[in-house]
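Close look at the chain arrangement
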Amino acid sequence: MREKLLFDFGWLFHEGDIPAPEPKDKMPMYFHAKTERMLDGPAAYGYDERHRGRAERWESVDLPHDYIITQRPSRENNNTLGYFEYRNAWYRKHFRLEESDRERRLTLFFEGVATHATVYVNGCLMARNFCGYTSFEIDITDIARFGADNVVAVYVDATDHEGWWYEGAGIYRHVWLTKTDRVAVDLWGVYVNPLRQSGGVWQVPVETTVRNDGQETETVAVESVIVDASGREIASATGEITVPRRDKAVLSHTMMVENPALWDTEHPNLYAVRTRILRLGEPIDEVVTRFGFRTIRFDADQGFFLNDRAVKLKGVCCHQDYGLTGKAMPDRVHRYRLRRLREMGANAYRAAHYPPAEATMDALDELGFLVMDETRWFESTRDGLDQLAMMLRRDRNHPSVILWSIGNEEPLHLNEQGKRIAQTMTAFIKRYDDTRPVTSAVSNKPAEAAAMDVLEVLGVNYNLHTYDAIRERFPDRPFVAAECCAVGTTRGWYFDDNPERGYFKAWDHPVGGFAVDREHTWKHVTARPWVAGEFQWAGIEHRGETVWPRLCSQSGALDLFLQPKDAYYQNKSHWTEEPMVHILPHWNLAGREGEAIPVWVYTNCEEVELWQDGRSLGTVRPGLYGHGEWQVIYTPGCLRAEGRIGGRAVADEEVRTTGPAAALGLRLEDGGIRADGEDIAIVTCYCVDADGNPVPDASPLVSFDTNDLGRIVGTGSDVCDHTPVPNLDRRMRAGLISVAIKVGDRPGKLRVYARSEGLLAARLDIDVAPAPRRPFL
């Protein structure tokens, strides 16, 4: 039966190129032209990493791994790439295959290597992958050594960039070793396409691609069983298929299901198809493919419909980037940050500007997001279409995916070349999936762009002033705000924009001359029922695309370290129904006594009243998607906002001037830490005054440590702090520091310590539960 082994542990890593002198005679060149071409250097089977000297230092690492993020940023480097130096590197891993593996098919699967990768196994060139955002599989069956050591070597070229954002470098997503019978289900070889019939009945066509890597034609049985979330079997089908040797074949069959629980944004019910291959009645392979029952429809006049219910897309665009680990995000972080966005009220997610990690796709299904899935390259070349096919085959079973996006802000969108590329890519998509429409994010004169003629859903970045003209040109075409806002705000910064310091004021305001603030963008979108919704730039701050001394874009509702900004609560006031109010700024504004301070309240209530030290400053009716606003003379004390609906108080919030920081505090942001060798604890450090009130402007230098059940991998607070991420000492800004702690495989009590001169120290005890590792090698 199939074995899928996590291949993340025990790698050796060397940063930098390892020069190889060019040989002067024939024989080295002769053997370099053979299958096992690498007889010298770090790709060679016999290369010994242990005795290379200081010039070729190798270190042990586990994956996912981003080797750029540990650097100190330098102004000399490219700003949009995060001010880091991008150097090339080598990875090597030794592994053993037993004699029992000799008759099996063996593959290595790389989820993502940034940016360009060349892979060797046992000195043989196996693959080149020139997109850091697409996964690739390598069949190593023919060159594997059994009962002996095997070596995989990966050369990373990080100098050829694919984006204008922080790209990181290294094997930054998971790697897997898969062992199967020579007859097995192909990679992403099961396609489930539920079709609603009448009377609550669903037809479920299942297409299974079976590969035969053996030397003889074989006839096998394929068994498909639909199971619900509890594991209960609700439908099944079996068929036979003959697969020629060294070839593939496709078996299609159909099952019927009555009244399944639908996948929805509020109730994301998931099912699975369990596929078995049987030879002479004995199972030889099994895979499980998740899917959901739901219908989607874009309407040119009324927007988007999910299961025949009108749903406005309240979306965000996001990069794969975490301030404390860079591009290499642990699985917990993938899910945690999406949960925070869901709690903010987001129901849609644009994978900008490339296919996301599998952990993100799974979490998007589980949390009920509606996804605009995007390929990296707007290209109809062989490589471009291969990368597109990878995304389509991997993601077409995900019920969260509602749109395929073929590009972003392409200059060629404007002319006939872009139109032809869009036609080719759209036709290509329909070979794999004809259930979802195709869009692209058009920013260059979208009302005139030739590529718009091809798009099934018109996607427009910014350009709010062109919406009505586009509608006039394409009255029968659905429309979505593929990207908007780009409002730069800095967490806890309540002064004017300050380029020298690198901070933007926290109040909602246009930045950069082309973007419109959140409030007016959402009003613009909701005033037009034919606009399906919006995707804000961005849900989360990302490194790069910035100006010194700042290290990241400020267009996020969550900051670089996943702390909520005031924009988070503004979105919540627009996108959620549970009554809420949020006051900005905080009221620790020493030195501004007697100054008129703009005080805003974000709320989804009908009216809001503000009090200062018990005295009413008046009631405001902000209107739909508006905000309350007062000019308040600053004196230390207390502000309180009360939101009302129908004249009844339903929500309130208070901010008060605190005393100076007296003690540190620590809190765990996401519980259930597991001793599986992969997990990470996300911790926040804060300060309280003598009365226990959080101090929002505290700025001590804090030192962090743990016991031996964990290792601190990153600390961060200030988006303008150039201290390397792994540093254990961090200056707090705006009252918070984020800390990421990698746990090992020993259960027990992980202890995190924080101390700072003049403050009471803090200790946080975290229960690390016993948990088996995923099968690994």
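Relevant structure appears above.
Residues numbered from 1 in each chain as written. Predicted model: local features only at pLDDT ≥ 70, side-chain atom pairs only at ≥ 80, totals over all residues. Heavy atoms only, no water.

Observations concerning the overall build of the chain
When its secondary structure is counted, the chain shows 8 helices and 45 strands. For the chain, whose C-alpha radius of gyration is 28 Å, the value lies close to the compact-globule estimate of 28 Å for 777 residues. With the C-alpha coordinates of the chain rotated into their principal frame, the extents come out at 85 × 70 × 50 Å. Here the chain holds 777 residues, and the buried ones make up 62% of them. Counting contacts in the chain only where the partners sit at least 6 residues apart, residues at least 24 apart contribute 70% of the total. As displayed, the chain offers around 30500 Å² of accessible surface, 47% of which is attributable to carbon and sulfur atoms. (Helix = DSSP H or I, 4+ residues; strand = E, 2+ residues; numbered from the N terminus. Rg over C-alpha atoms; globule rule 2.2 N^0.38 Å. Buried < 20%, exposed > 50% of the residue type's maximum accessible area, 1.4 Å probe, protein only. Contact = heavy atoms within 4.5 Å. Areas by Shrake-Rupley, 256 points an atom, 1.4 Å probe, with all protein chains shown as cover.)

What to know about the packing of aromatic side chains
Following the criterion strictly, the structure yields 35 aromatic pairs and no others. Judged by centre distance (5.2 Å) and plane angle (85°), the rings of phenylalanine 7 and phenylalanine 95 are edge-to-face. Of the two residues, phenylalanine 7 sits in the loop between β1 (3–6) and β2 (11–15) while phenylalanine 95 sits in strand β4 (residues 89–97), which places them 88 residues apart along the sequence. Judged by relative accessible area, which is 0%, phenylalanine 7 ranks as buried. Judged by its relative accessible area of 4%, phenylalanine 95 is buried. Across from the ring centre of tryptophan 176, 4.5 Å away, lies the NZ or CZ of lysine 4, which sits over that ring. Above the face of the phenylalanine 7 ring, lysine 93 is positioned so that its terminal group lies 4.8 Å from the ring centre. (Phe/Tyr/Trp six-rings, centres within 6.5 Å; stacked < 30°, edge-to-face > 60°. Lys NZ or Arg CZ within 6 Å of the ring centre and 35° of its normal.)

Things to note about the state of the cysteines
Tallying each qualifying case throughout the model produces 0 disulfides. Cysteine cysteine 685 is unpaired, with the sulfur of cysteine 687 as its nearest cysteine sulfur at 6.1 Å. (Disulfide = S-S within 2.5 Å.)

Describing the environment of arginine 477
Examined against the element boundaries, arginine 477 turns out to sit in the loop between α6 (467–473) and β28 (479–485). Between the C-alpha atom of arginine 477 and that of aspartate 299, which follows or precedes it by 178 residues, the distance is 7.7 Å. Only 2.9 Å separates the side chain of arginine 477 from the backbone oxygen of methionine 452, close enough to count as a polar contact. For arginine 477, the side chain forms a polar contact with the main-chain oxygen of leucine 455, separated by 2.5 Å. (Polar contact = N/O pair within 3.5 Å; in protein donor to acceptor, adjacent residues only side chain to side chain.)

Quick look at unusual backbone geometry
Here the residue pair tryptophan 537 and alanine 538 is connected by a cis peptide bond, since its omega of 0° sits within 30 degrees of zero. Put simply, leucine 584 and proline 585 share a cis peptide bond, and its omega is 10°. Position of proline 585 among the secondary structure elements: in the loop between β30 (581–584) and β31 (596–603). Here aspartate 308, not a glycine, exhibits a phi torsion of approximately 65°, which is positive. Mapped onto the elements of the fold, aspartate 308 is located in the loop between β20 (303–306) and β21 (309–310). By relative accessible area, aspartate 308 is classed as partly exposed at 45%. The backbone phi angle of lysine 445 is positive, close to 45°, even though this residue is not glycine.

Here we look at helix α3 (residues 358–367)
Of all 10 residues in α3, 7 are buried, a share of seventy percent or more. Among all positions of α3, only Glu358, Thr360, Met361, Ala363, Leu364, Asp365 and Leu367 are buried. Remark: glycine 368 follows α3 within two positions and exhibits a positive phi of approximately 80°.

Function cannot be inferred from these measures alone, as they are strictly geometric.
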